[in-house]
Structures are given as C-alpha cells and as structure tokens.
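Examination of the molecular architecture
Here is what each chain is made of, one letter per residue.
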Amino acid sequence: MTAHSLLITGATGAIGGALARHYAAPGVRLVLHGRRAEPLEALAQACRDAGAEVELSRVDLTDDTALEAWLGQLALPDVVIANAGQNIHAENGAEMEDWQATSRLLDINLRTPMAMARHLAPRMVERGHGQLVFLSSLAAWHGLPLTPSYSASKAGIKAYGEALRGWLAPRGVGVTVVMPGYVSSRMCHDMPGPKPWQIDADSAARRIARGIEHNKARVSFPFPLNLGCWCLGVMPAGLAQPVLRLMGYGRST
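**Concerning the nonpolar core**
- Within the largest apolar cluster, 34 residues are counted, with the highest numbers of intra-cluster contacts made by L6, L19, Y23, L30, L32, C47 and I81.
- The set of elements that each furnish at least two residues to this core consists of β1 (5-8), α1 (14-23), β2 (29-33), α2 (37-49), β4 (79-82), β5 (130-135), α7 (201-213) and β7 (218-221).
- It is α7 that provides the largest number of residues to this core, a total of six residues.
- Not counting residues up to four positions away in its chain, the partners in contact with L32 are I8, A11, A20, L40, L43, A44, C47, V54, E55, L56 and S57.

**Examining the packing of aromatic side chains**
- Counted under the stated rule, the structure contains one aromatic pair.
- Measuring from centroid to centroid gives 5.8 Å for F134 and Y160, while their planes differ by 70°, and the two rings are edge-to-face. Pair noted here: F134 is in strand β5 and Y160 is in helix α5 (residues 148-168), with a separation of 26 residues, a long-range link.
- Among the residues examined, Y160 registers a relative accessible area of 22% and is labelled partly exposed.
- The positively charged end of R171 is found above the aromatic ring belonging to W167, 4.3 Å away from the centroid.

**What to know about α1**
- Of all 10 residues in α1, seven are buried; the element is thus mostly enclosed.
- Restricting attention to buried positions, one finds in α1 the residues I15, G16, G17, A18, L19, A20 and Y23.
- Where α1 is buried, its residues meet β1, β2, α2, β4, β6 (173-180) and α7.

**Some remarks on the pairing of β5**
- The buried fraction of β5 is high, at six of six residues.
- Pairing analysis gives four bridges linking β4 to β5, with the strands arranged parallel. Looking at β5, one finds that A82 is bridged to F134.
- Relative to β6, β5 is paired through six bridges, and the arrangement is parallel. Note on β6: the bridge partner recorded for G130 is V173.
- Taken together, β5, α5 and β6 constitute a β-α-β crossover, and its handedness is right-handed.

**So, unusual backbone geometry**
- With omega at -5°, the peptide bond leading from F221 into P222 counts as cis.
- One can find P222 in the loop between β7 and α8 (223-234).
- The phi dihedral of W197 falls on the positive side, at around 55°, and the residue is not glycine.
- Tracing the sequence through the fold places W197 in the loop between α6 (186-190) and α7.
- Its identity as a non-glycine residue notwithstanding, N215 has a phi of 50°, on the positive side.
- Checked against the element boundaries, N215 lands in the loop between α7 and β7.

**Some words on the environment of V243**
- With respect to the element layout, V243 can be found in helix α9 (residues 237-246).
- By relative accessible area, which is 26% here, V243 ends up partly exposed.
- Distance in space between the C-alpha atoms of V243 and L232 is 8.3 Å, their sequence separation being 11 residues.
- Residues in contact with V243, not counting those within four places in the same chain, are L232 and M235.

The rules behind these values
Residues numbered from 1 in each chain as written. Predicted model: local features only at pLDDT ≥ 70, side-chain atom pairs only at ≥ 80, totals over all residues. Heavy atoms only, no water. Core = buried A, V, L, I, M, F, W, Y, C linked by side-chain atoms within 4.5 Å. Buried < 20%, exposed > 50% of the residue type's maximum accessible area, 1.4 Å probe, protein only. Helix = DSSP H or I, 4+ residues; strand = E, 2+ residues; numbered from the N terminus. Contact = heavy atoms within 4.5 Å. Phe/Tyr/Trp six-rings, centres within 6.5 Å; stacked < 30°, edge-to-face > 60°. Lys NZ or Arg CZ within 6 Å of the ring centre and 35° of its normal. Pairing = 2+ DSSP bridges. Right-handed = clockwise from strand over helix to strand, strands pointing away.

As structure tokens, then:
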C-alpha cells in the first residue's frame, strides 16, 4: 500500500530513524516517537527539510493510561511501525539476566506493540484499511543463549504478528513481521557474540519499506543469516545448541 501517514516508535534508534528519513517526502505525515529529545528534534527537522509533515511524541509507551490517551487523540495513520525495543544480557559474573531489566524489556518489546495493536486495529478495521508492522528479529527462529530474554520477546512478537495477520486480513488490515539480522547501531554494538552479515540501517530501512509496500507477511534479512537461523529453528535442539557454541554464541565459562 502507498503510505501517506506513518507512526514510527523508536524513531531515535538506528532502524527507526532510517525508516523516518526513507519515508520523509512532500505529502507524507510522520508521527515520530522517541525517548531522547535532542535526537528526536534533529530527526524531525531532517524529515521536515525533506518535505514531510512531522508530529513528535515522547510519551511513556509502557504506561497503559498514557499510551491509550496518546493513541486515542491521533489521526489514524495508514501504517504503524512498532519499532521501539531494547536488548539486555547477563552481566559478567551473573548467572541470570537482571529480572527488573527483563521485565522492562518484555514491556517495550512485546507488551507495548500488542497494546498498540489492541487500540489501533479496531479503528483500522472500521476505516477499512491499514497496516501494522512489528519488529521481531532473526533470533526469533531459535533463541540465542547469550540473550535469552531478548530472544523470547522477539519470538513472542513474531507469533503474535503472524496470528494477528490471519485474524485481520479478512477485515482489510495488513500485518507485517520484520525479522532483521544485525543492523549497525548502538544496540547491536552492545550485544554479546559474533555479528555476521551486519548491514547498515539505511539498507535495512529500504528492505523493510519494500516489504511494507507489498504487505508481506514476513520481511527477514539478510538471506544467509536468515537461512542459518531458520535451520537452527528446525533442526533438533540437541544439534542446534552445539552448533551455536561452535559459532561463538555459547557461554564461555
């Protein structure tokens, strides 16, 4: 579908910012959400310079009341890209990931996009068109031992998006699940383990935008890493775990 208005959460991140710049053009309205004021303002100005109309928000996405109020007053976008997310891993010497950090991660990676869909999908159905886009990860194919909570959140939003697509398709609303590999960013840099076939955010944004335009059920890339992660997901777990250790994703001690 041709998107004349888009909502992008996590716009101050690498992928979110690249998507905003990709779509910025005359006749396009962008609603950009981000936590950091200065980068968000700078991105907004770049998008306005490209001709787009821009609205900004820094609302707390994990606050149910604030989220509902914000979404309720928005002019309904054509496309909603639930991109905001984070990653965590166990600190050196810790047996498990910090539970409070895990809870925050699940809130923003999984619960928030589900809440957004709950509020916006009925309005899209009533209007007769719209598209929801969820950011998952290739880690959803098979959980990575170094980032178990992140993997769980991305597997969860993958399953939710796939199920929701089947539910909403007869009602004229599309759902796309995006499963990137390693995209150059601060979050990617902070992740432990190897980062094969890493790509830049602008390349990722172009691939995502093509998938959205064609209402693809799944946008997963890059191909070699996608194939490898898919294979891990379908092979016996007793074989997949040794393969991951050989690739450098196992625990060192």
